[in-house]
Amino acid sequence: MTSGRRSSLGAVAAAAAIAATWAVRRASLRWGATDEELRMPLPGDDVLPAPDLMATRAITINAPSSRAWPWVAQLGQNRGGFYTYDWLENLVGCDIHSSNVIVPELRIRAVGDEVRLAPPVALKVVAVEDGRHLVLRGAVGPDGTGAAAPYDFTWAFVLIEHAPGSTRLIVRERFAYLAGWAAALVEPVEMVSFFMSERMLRGIRERAERPTPAGD
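Summarised in this report is the structure supplied together with it. None of these values were measured; they are calculated from a predicted model.

Another point: unusual backbone geometry. Trans peptide bonds make up the majority, and among non-glycine residues the majority have a negative phi. Unusually for a residue other than glycine, Y83 sits at a positive phi of about 60°. Along the chain, Y83 falls in the loop between α3 (65-72) and α4 (86-91). According to the relative accessible area criterion, Y83 is buried, its value standing at 1%. Despite not being glycine, D95 has its phi angle at roughly 55°, a positive value. Among the secondary structure elements, D95 is positioned in the loop between α4 and β2 (114-118). Of the residues examined, D95 reaches a relative accessible area of 40% and is grouped as partly exposed.

Okay, the nonpolar core next. One finds W155, F157 and L169 to be the most contacted residues of the largest nonpolar core, which totals 39 residues. Looking at this core, the elements with two or more residues in it are β1 (53-61), α3, β2, β3 (121-129), β4 (133-138), β5 (151-161), β6 (167-177) and α5 (182-208). At six residues, α5 tops the list of elements feeding residues into this core. Ignoring sequence-local partners within four residues, the contact set of W155 consists of F82, L117, L123, L134, V135, L136, V171, R172, E173 and M200. Residues L42, A58, V158 and I170 belong to the second largest nonpolar core, which totals five residues.

Further remarks concern the pairing of β3. By the bridge criterion, four bridges tie β2 to β3 in an arrangement that is antiparallel. From the neighbouring strand, E114 faces β3, where its bridge partner is K124. Here five bridges tie β3 to β4, and the two strands are oriented antiparallel to one another. Its bridge partner lying in β4, V128 is registered against L134. Adjacent in sequence and paired antiparallel, β3 and β4 are bridged by three residues, among which G131 carries a positive phi angle near 85°.

Let us look at the pairing of β5. Within β5, nine of the 11 residues are buried, leaving the element largely enclosed by the surrounding structure. In the sheet, β4 pairs with β5 via six bridges, with the strands oriented antiparallel. What sits directly across from L136, in β5, is W155. Sheet topology note: the β5/β6 ladder contains 11 bridges and is antiparallel. Residue pairing in the sheet places A156 in a bridge with R172 of β6. Here β5 folds back onto β6 in antiparallel fashion, the turn holding five residues, of which G165 has a positive phi close to 80°.

Analysis parameters
Residues numbered from 1 in each chain as written. Predicted model: local features only at pLDDT ≥ 70, side-chain atom pairs only at ≥ 80, totals over all residues. Heavy atoms only, no water. Helix = DSSP H or I, 4+ residues; strand = E, 2+ residues; numbered from the N terminus. Buried < 20%, exposed > 50% of the residue type's maximum accessible area, 1.4 Å probe, protein only. Core = buried A, V, L, I, M, F, W, Y, C linked by side-chain atoms within 4.5 Å. Contact = heavy atoms within 4.5 Å. Pairing = 2+ DSSP bridges.

Put into structure tokens, the structure is as follows:
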């Protein structure tokens, strides 16, 4: 094989790899969401009106929103966990233990409440409407705490009634870069976020769809 042919094949392979990476990234930023949901204004959008990166992910829960909301309302390391892969999160010291029961004392109740991602990292509740939406705001800096983060971040959880007896849970992340190097931190984090968010959505669905014990 001539060097010219090898170079051409290398260029084709590189282009294919770039295209595949872009396709995976695009899919990860809209996992489960419809075109309408991608365009839909959601609570919290006004907090960061011009994000540099946005992800909108969604899942259908075959239960009314009244069954799904209590699981959303106790999200947090300091509350009911995130319903993802606790063992993986705990490998990096998050100390998360996802609950399989509703604990009223863990419920998020008002703007200003803290929702921790890990012991040293807290997001603040900036909007909450019982049974409908929860919006968190904050960031994680290079040292793993909320200090000196080069971006601002909102995380919205929105419940929308779907077909009779079912609910759409839409989760939207919005990042606004505050420093030129913010993308170098956020982009890798966002791929991890997709992996964990997909499991979180399924974890909430699994819990909300469980049969309600007789007498509850």
